[in-house]
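Structural overview for review
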Amino acid sequence: MPAPENRFKSALARGDMLYGCWAGFADAYATEMLATAGFDWLVIDGEHAPNDLPSIMRQLQVLEGRHSAPVVRLPMGEPWAIKQVLDAGAQTLLIPMVDSADQARALVRATRYPPEGIRGSGAALARATQFSAIPDYISTANAQICLLVQVETRAGIDALDDILKVEGVDGVFIGPSDLAADMGYLGDSDQPEVRAVIRDALTRIAASDKAAGILSLDHDTALSYRDWGAQFLAVGIDVVMLAQTARATMARWRDG
Ligand SMILES: O=C(O)C(=O)C[C@H](O)[C@@H](O)CO
């Protein structure tokens, strides 16, 4: 029995348009609820949400077999952290702040077992193998890994063509907030200069053999991103949805 099919990776390869949402409560109960909305992918965010390995694993557990595919974002692309989260059962990783092809190649190696990479072989006790119930896991796992790298600095944009040549990278996600900040427009990714860089980057990614991804909470901006080539498009953040709705509800009663 081989490693489970990575449905998200397969959908990207088919060219499917995939709509996603950030899962930022670091809580399996909230993520299980979010999955009932029908998003194609959910980002279990270990960078800007208070997730740790146990909370990431619990969210992987509640998403098992559901339509919403889990995408785990690590704080940084450290091989030891990649090893841990893959053994916990993640198959799709989103790694922030990738600024070079060398960095992308190192991430590919960190996600693969030898000889393609350096992922440590601890499959016997790993949730990923269903605790050794998947006998062919280590010989088939590499093919089911989906690596998404975030390009979100001027350096990363300058290196984008080289990053797009790296075998083993499945998608490139443009981080509009961090890109805007690095360009000198902290908090404002709608600046014309930033939008022009995003448009060019999404166009270049979509023209490559990789998938283009990005996030926008603004509907019209998200439509533009889709028109510019975004294939895995995040259109919401659960924490923001609840916070905004809660405040608006109280304001309505207070001011009603
Ligand atoms: O730079 C960005 O934008 C992203 O990487 C997405 C953010 O991290 C996401 O958390 C929304 O702020």
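Each value, and the rule that gives it
- Residues numbered from 1 in each chain as written.
- Predicted model: local features only at pLDDT ≥ 70, side-chain atom pairs only at ≥ 80, totals over all residues.
- Heavy atoms only, no water.
- Buried < 20%, exposed > 50% of the residue type's maximum accessible area, 1.4 Å probe, protein only.
- Helix = DSSP H or I, 4+ residues; strand = E, 2+ residues; numbered from the N terminus.
- Arc of directions from axis to C-beta.
- Contact = heavy atoms within 4.5 Å.
- Near = heavy atom within 4 Å.
- Polar contact = N/O pair within 3.5 Å; in protein donor to acceptor, adjacent residues only side chain to side chain.
- Areas by Shrake-Rupley, 256 points an atom, 1.4 Å probe, with all protein chains shown as cover.
- Nonpolar A, V, L, I, M, F, W, Y, C, P; charged D, E, K, R; others polar.
- UniProt positions renumbered as here; feature names shortened; annotations may be inferred.
- pLDDT = per-residue confidence, 0-100.
- Axes fitted to C-alpha atoms, helices over the stretch in contact; angles between N-to-C directions.
- Parallel < 35°, antiparallel > 145°, perpendicular 65-115°, else oblique.
- Left-handed = near helix turned anticlockwise from the far one by under 90°.
- Pairing = 2+ DSSP bridges.
- Right-handed = clockwise from strand over helix to strand, strands pointing away.
- Salt bridge = Lys/Arg side-chain N within 4 Å of Asp/Glu carboxyl O.

Another point: helix H11 (residues 219-227). For H11, the complete set of buried residues consists of Thr-221, Ala-222, Ser-224 and Tyr-225. Axial view of H11: buried residues confined to an arc of 155°, hence all on one face. Of the residues in H11, the exposed ones pointing more than 90 degrees away from the buried face are His-219, Asp-220 and Asp-227. Buried-residue contacts for H11 involve helix H9 (176-182), helix H10 (192-206), strand S7 (211-215) and strand S8 (232-237). Among the residues trailing H11, Gly-229 stands out with phi positive, at a value near 125°.

Near the ligand the following residues occur: Trp-22, His-48, Arg-73, Gln-150, Glu-152, Gly-175, Pro-176, Ser-177, Asp-178, Leu-215 and Ile-237. Within the backbone of Asp-178, an N or O atom sits 2.9 Å from an oxygen atom of the ligand. About the coverage of the ligand: the protein hides 85% of its 320 Å² of free accessible area. A per-element tally of the shell around the ligand places H9 first, with three residues. Residues of the shell around the ligand, tallied by class, amount to four nonpolar, four polar and three charged.

Residues annotated by UniProt as "domain: HpcH/HpaI aldolase/citrate lyase" (unreviewed entry) correspond here to residues 19-242. Between the end C-alpha atoms of residues 19-242 the distance is 19 Å, and the span holds 39% helix and 18% strand.

This part takes up the confidence of the model for the protein. Looking at the protein as a whole, the pLDDT averages 98, with 100% of positions reaching at least 70. The complex prediction reports pTM at 0.97, with the ipTM value standing at 0.94.

With that out of the way, let us pick up the packing of helix H4 (residues 79-87) against helix H5 (residues 101-111). The description of two packed helices rests on the angle between their axes and on the distance between the axes. Running from N to C, H4 and H5 point in directions that differ by 40°, and their axes come no closer than 9 Å. Viewed along their axes, H4 and H5 adopt a mutual orientation that is oblique. Remark: the crossing between H4 and H5 carries right-handed chirality. Facing Pro-79, Ile-82 and Leu-86 of H4, the residues of H5 in contact are Leu-107, Ala-110 and Thr-111. Here the contact of H4 with H5 is built from residues that sort into five nonpolar, one polar and no charged.

Pairing in this closed barrel of eight strands is parallel, and the strands run S1-S2-S3-S4-S5-S6-S7-S8 around the ring. Across the sheet, the axes of successive neighbouring strands diverge by a mean angle of 25°, strand direction being ignored. As defined by bridge partners, strand S2 (residues 41-45) adjoins strand S3 (residues 69-73) across five bridges and the pair is classed as parallel. Within the sheet, the bridge partner assigned to Asp-45 lies in S3 and is Arg-73. Lying on the sheet, H5 is in contact with strand S4 (92-95) and strand S5 (146-151); it crosses S5 at an angle near 155°.

This next bit is on the pairing of S8. Counting buried positions over the six residues of S8 gives five, a clear majority of the element. Two strands pair when backbone bridges link them, and strand S1 (residues 18-23) and S8 are joined in this way by four bridges, in the parallel orientation. Counterpart to Gly-20 in the pairing with S8 is Ala-234. As defined by bridge partners, S7 adjoins S8 across three bridges and the pair is classed as parallel. Following the sheet pairing, Gly-213 is matched in S8 by Phe-232. Between S7 and its parallel partner S8, the chain crosses via H11, and the hand of that crossover is right-handed.

A word on the pattern of salt bridges. As enumerated under the stated definition, the model contains 12 salt bridges in all. Note that Lys-9 and Asp-170 form a salt bridge whose closest N and O atoms lie 2.7 Å from each other. Taken together, the residues Lys-9 in helix H1 (residues 7-14) and Asp-170 in the loop between helix H8 (160-163) and strand S6 (171-174) connect sequence positions 161 residues apart. Using a relative accessible area of 19% as the deciding quantity, one classes Lys-9 as buried. Two residues, Glu-47 and Arg-73, come together in a salt bridge whose shortest N-O distance is 3.1 Å. Linking Glu-47 in the loop between S2 and helix H3 (53-63) with Arg-73 in strand S3, this pair joins segments that are 26 residues apart in sequence.

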